[in-house]
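# Observations on the three-dimensional arrangement
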Amino acid sequence: MTAVLPDPALAGARPSARSHSPRRYLMCPPTHFAVEYAINPWMVSGTPVDRARATSQWDALRRTYLDLGHRVDIVDPVPGLPDMVYAANGATVVGGTVLGARFRHPQRAAEAAAYAGWFRRAAFWRVVEPEFVNEGEGDLLVVGAGPEATILAGYGFRTEPRAHGEAARVLGCEVVPLELVDPRYYHLDTAVAVLDATTIAWLPEAFTPASQAVVRERFPEAVVADPADAAVLGLNAVSDGRHVVLPAPATRLAAALAERGFVPVPIDLSELRKGGGGPKCCTLEVRS
Ligand code: ARG
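Everything in this summary refers to the structure shown in the same document. These numbers were taken from a predicted model, which means no experiment stands behind them. (Residues numbered from 1 in each chain as written. Predicted model: local features only at pLDDT ≥ 70, side-chain atom pairs only at ≥ 80, totals over all residues. Heavy atoms only, no water.)

Turning next to the nonpolar core. As a rule of thumb, nonpolar side chains are buried together in soluble globular proteins. Leu152, Val192, Phe207 and Leu253 are the most contacted members of the largest nonpolar core, which totals 38 residues. Secondary-structure elements contributing two or more residues to this core are β6 (140-143), β8 (174-179), β9 (192-194), β10 (200-202), β13 (243-247) and α7 (251-259). Residue contacts for Val192: discarding those within four places in its chain leaves Leu141, Leu152, Ile200, Ala201, Trp202, Phe207 and Leu235. One finds Trp58, Tyr65, Val72 and Leu269 within the second-largest nonpolar core, a separate group that totals 22 residues. (Core = buried A, V, L, I, M, F, W, Y, C linked by side-chain atoms within 4.5 Å. Buried < 20%, exposed > 50% of the residue type's maximum accessible area, 1.4 Å probe, protein only. Helix = DSSP H or I, 4+ residues; strand = E, 2+ residues; numbered from the N terminus. Contact = heavy atoms within 4.5 Å.)

Quick look at the structure:
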C-alpha cells in the first residue's frame, strides 16, 4: 500500500489569502522638494536632490496605489514648503473627521493650513484646527476602523503628549501613547507599520522599555523588524490589509511579511529618503 504523503509544494503553504479593502489616499507631488534645512538625522542640509528622479519615484508610488485599486487625491504643492511631499504629516482622518496638524518646526508650519484647506474644499465638514503640536499620521497611527479604532500615538520628538488627549476627543478613538527614544525614528511611522486591524510590524529598540511592554501586551504577534531594515525606513510602509508597499531595500522585512501571508510591494523612494521619509510619509489615508 502506498502512503499518501503531503504534497511537498504545499508543505510551506502560506496562510489563506489576507483580505484587503480599497483605500483613499491623499498625496502631494514633490514639485518643490529640497533638503534646505535639517530637522531630522536623515536630512543633511544642502544635500542635492534630483527633483525629476524624486517625481518619477513619487509617481511610481501613486501608480502603485492606483494599480492596487485605491483612490489617490492630490493636494497642490506650495512653493517654499520643501517637505510638503510628506503628506502623512498633514492631518489624521477617522470617520470623515479631520484633525488638522500643527507642526513642531517653523519650516513646516504653513503646511497645516494647506492641508486643512484641501479638506475643507473637498467638503469635509468637520476639520478641527488643533491646539497642541501633532504631526498627523506621522505620529498618530490608526489601527482598525469604526468605533473600535485605536490610535497608536508617538511622542518624544515631534507630537506633544498633550495632543494625544486632543486626538482622542476629536477623533473619538482610544489613544495609546508610545514614547520614541532614537532620533532616527523621530515619527512613529518610522518605527511602526500598521498592517491590519490586529497586526503591526515594529522596531522595539525605537521605544522606551515601558512602551515596548505596552506594544508586546497589545500585539503579541507583531512582526519584529530587523534593525537593518528599519535603518532604510523599511517600517515606513502602507498596507491595505494584504498588500504592503514598503521601501525596496527592506528585503528581510518583505520576506517576514510574506511569511505571514502579506504581499510585499517593494518601491524605490531613495530620493525622498534624503528628507527622512518613505512611502508612508508620502501618503495620508483619508478614512471616511
Ligand atoms: N523632512 C520631514 C520632517 O522631518 C520628513 C517627514 C517624514 N514624514 C513622516 N511621516 N515620517 O518633518
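This part covers the sheet that holds β6. Strands sit in the order β6-β7-β8 across an open sheet of 3 strands; the sheet is mixed. The open sheet terminates on both sides in strands that have one partner only, identified here as β6 and β8. The mean angle between the axes of side-by-side strands here comes to 25 degrees, regardless of whether they run parallel or antiparallel. Note that β6 and strand β7 (residues 150-155) share 4 bridges and pair antiparallel. The residue of β7 that forms the bridge with Val142 is Ile151. (Pairing = 2+ DSSP bridges. Axes fitted to C-alpha atoms, helices over the stretch in contact; angles between N-to-C directions.)

A few words on the layout of surface pockets. Within this model, the largest pocket holds a volume of roughly 660 Å³. As for the largest pocket, its lining consists of 37 residues, and the residues nearest its centre are Arg23, Val142, Ser239, Glu285 and Arg287. Sorting the residues of the lining of the largest pocket by element identifies β1 (24-27), β6, β9, β12 (238-239) and β15 (284-285) as the ones contributing at least two each. The element contributing the most residues to the lining of the largest pocket is β6, with 4 residues. A per-class count over the lining of the largest pocket returns 17 nonpolar, 10 polar and 10 charged. (1 Å grid on protein atoms, 1.4 Å probe; cavity = no way out; pocket = protein on both sides within 12 Å on 5 of 7 lines; lining within 4 Å. Points joined across faces, edges and corners; volume = space filled by probe spheres on them. Nonpolar A, V, L, I, M, F, W, Y, C, P; charged D, E, K, R; others polar.)

Residue pairs three or four apart in sequence face the same way in an α-helix, which turns once every 3.6 residues. The first and last C-alpha atoms of helix α2 (residues 51-67) sit 24 Å apart over 17 residues, in line with the 24 Å expected at 1.5 Å per residue. Residues of α2 that are buried include every one of Ala54, Gln57, Trp58, Leu61, Thr64 and Tyr65, and no others. Within α2, the buried residues cover an arc of 110 degrees as seen down the axis, which keeps them to one side. Exposed and facing more than 90 degrees away from the buried side of α2 are Ala52 and Asp67. Check the buried side of α2 and you find it contacts β1, β2 (71-74), β12, β13, β14 (263-267) and α8 (270-273). Capping the start of α2, Asp50 holds a side-chain oxygen 3.2 Å from the backbone nitrogen of Ala52, two or three residues further along. At the C-terminal side of α2, Gly69 shows a positive phi close to 95 degrees. (Expected span 1.5 Å × (residues − 1). Arc of directions from axis to C-beta. Polar contact = N/O pair within 3.5 Å; in protein donor to acceptor, adjacent residues only side chain to side chain.)

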